[in-house]
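# Coordinate inspection notes
These are the residues of each chain, in order.
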Amino acid sequence: DAKTTQPNSMESNEEEPVHLPCNHSTISGTDYIHWYRQLPSQGPEYVIHGLTSNVNNRMASLAIAEDRKSSTLILHRATLRDAAVYYCILRASGGYQKVTFGTGTKLQVIP
Amino acid sequence: NAGVTQTPKFQVLKTGQSMTLQCAQDMNHEYMSWYRQDPGMGLRLIHYSVGAGITDQGEVPNGYNVSRSTTEDFPLRLLSAAPSQTSVYFCASSSQMDTQYFGPGTRLTVL
């Protein structure tokens, strides 16, 4: 399985943008890049996913490098409610895919 | 919609006891999974199901059994609880579109 690498932790000031990086140098052509986040004492929740092009939704933006070996989750204005562990995972399309959740990046938002 | 529900929220067992963690989803998803999360760790896949009557092992299946008699329900059985099974257990469901929806978790302590 292709693996991802993320920093263990990051800090951001409230109301400032946050860029959370993820490296996935062994990504295959059929792997989608998914981001989930886990708020304290809750289950993970889906944030965004993409294949090649940059993606936007109401929660965040996903910027994917041209060679697809890295990606960045962008929170445009961090709030205290965005403090969570963010997981970057790879998942091929079609059928059930076993997914590996690493330890993710713990984001601390400073008021 | 309730989404993915898990019961109980908390459970304390003595070593050797058995119990069943319940998981139900109301989104008509084909795929369901059980994960465990130990302190400071990512999620590890225990068992999964791609449809009613079909289950398979994940990364850490030993000590756990599953069955899937209906699309909605995917219970996880601990046959003889051990302290090493102290963890938070998350159930998730997904459709072929790949986004996983997680339940709120069951926090299990085995004494």
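Source: prediction; values computed, not measured.

What follows covers the pairing of strand β4 (residues 31–37) of chain B. The two faces of the sheet receive side chains in turn, since in a regular strand these alternate between them. Residues and elements named next belong to chain B. In terms of burial, β4 is largely enclosed, as 7 of its 7 residues are buried. Residues Tyr 31, Ser 33, Tyr 35 and Gln 37 of β4 are buried on one face, and the alternating residues Met 32, Trp 34 and Arg 36, pointing to the opposite face, are buried as well. The pairing of β4 with strand β5 (residues 43–51) spans 6 bridges and is classified as antiparallel. Bridge pairing in β5 links Ser 33 to Tyr 48. Taking the residues that link successive antiparallel strands as the turn, the β4-β5 hairpin has 5 residues, and the phi of Gly 40 there is positive, at about 70°.

A separate point is the side chain of Thr 99 of chain B. With respect to the helices and strands, Thr 99 of chain B occurs in the loop between β9 (87–94) and β10 (100–102). Dropping the residues within four chain positions of it, Thr 99 of chain B is found in contact with Tyr 36 and Tyr 46 of chain A together with Ser 93 and Ser 94 of chain B.

On to the sheet that holds strand β5 (residues 55–56) of chain A, then. Residue and element names in this part refer to chain A. Across the sheet, 4 strands lie side by side as β2-β7-β6-β5; this open sheet has antiparallel pairing. The outermost strands of the open sheet, each flanked by one partner alone, are β2 (18–23) and β5. Note that β2 and strand β7 (residues 70–75) share 6 bridges and pair antiparallel. Residue Cys 22 lies in a different strand from β7, and its bridge partner there is Ser 71.

The omega torsion of the bond from Thr 7 of chain B to Pro 8 of chain B falls at -5°, within 30 degrees of zero and hence cis. We note that Ser 41 of chain A has phi near 60°; this positive angle belongs to a residue other than glycine.

For sheets, the rule is that strands pair by backbone hydrogen bonds, running either parallel or antiparallel. Residue and element names in this part refer to chain A. Judged by pairing direction, the sheet is mixed, and its 5 strands sit side by side in the order β1-β9-β8-β3-β4 without closing on themselves. If you trace the sheet from one side to the other, it starts and ends with β1 (9–13) and β4 (45–50), each paired once. For this sheet, the mean angle separating the axes of adjacent strands, direction not counted, is 25°. Inspection of the sheet shows β1 paired to strand β9 (residues 105–110) by 5 bridges, in the parallel sense. Note that in β9 the partner of Ser 9 across the bridge is Lys 106.

Right, let's get into the pattern of salt bridges. All names here are of chain A. For the coordinates displayed, the defined rule picks out 5 salt bridges over all chains. A salt bridge links Arg 37 to Glu 45; its shortest N-O distance comes to 2.7 Å. Judged by relative accessible area, Arg 37 falls into the buried class, the value being 11%. For Glu 45, a relative accessible area of 30% puts it in the partly exposed group. In this structure, a network of salt bridges that share partners links the residues Arg 37, Glu 45 and Asp 82.

Glancing now at the layout of surface pockets. Looking at the largest pocket, its volume works out to about 690 Å³. If you trace the largest pocket, you find 29 residues lining it, with Gln 38, Pro 40 and Ser 41 of chain A together with Gln 37 and Arg 107 of chain B closest to the centre. Residue assignment for the lining of the largest pocket shows that the elements contributing at least two residues are β8 (84–92) and β9 of chain A together with β9 and β11 (106–110) of chain B. Take the lining of the largest pocket: its biggest share by element is 4 residues, from β11 of chain B. Class assignment for the residues of the lining of the largest pocket results in 14 nonpolar, 11 polar and 4 charged.

Thresholds applied
- Residues numbered from 1 in each chain as written.
- Chains lettered and ligands numbered in written order.
- Predicted model: local features only at pLDDT ≥ 70, side-chain atom pairs only at ≥ 80, totals over all residues.
- Heavy atoms only, no water.
- Buried < 20%, exposed > 50% of the residue type's maximum accessible area, 1.4 Å probe, protein only.
- Helix = DSSP H or I, 4+ residues; strand = E, 2+ residues; numbered from the N terminus.
- Pairing = 2+ DSSP bridges.
- Contact = heavy atoms within 4.5 Å.
- Axes fitted to C-alpha atoms, helices over the stretch in contact; angles between N-to-C directions.
- Salt bridge = Lys/Arg side-chain N within 4 Å of Asp/Glu carboxyl O.
- 1 Å grid on protein atoms, 1.4 Å probe; cavity = no way out; pocket = protein on both sides within 12 Å on 5 of 7 lines; lining within 4 Å.
- Points joined across faces, edges and corners; volume = space filled by probe spheres on them.
- Nonpolar A, V, L, I, M, F, W, Y, C, P; charged D, E, K, R; others polar.

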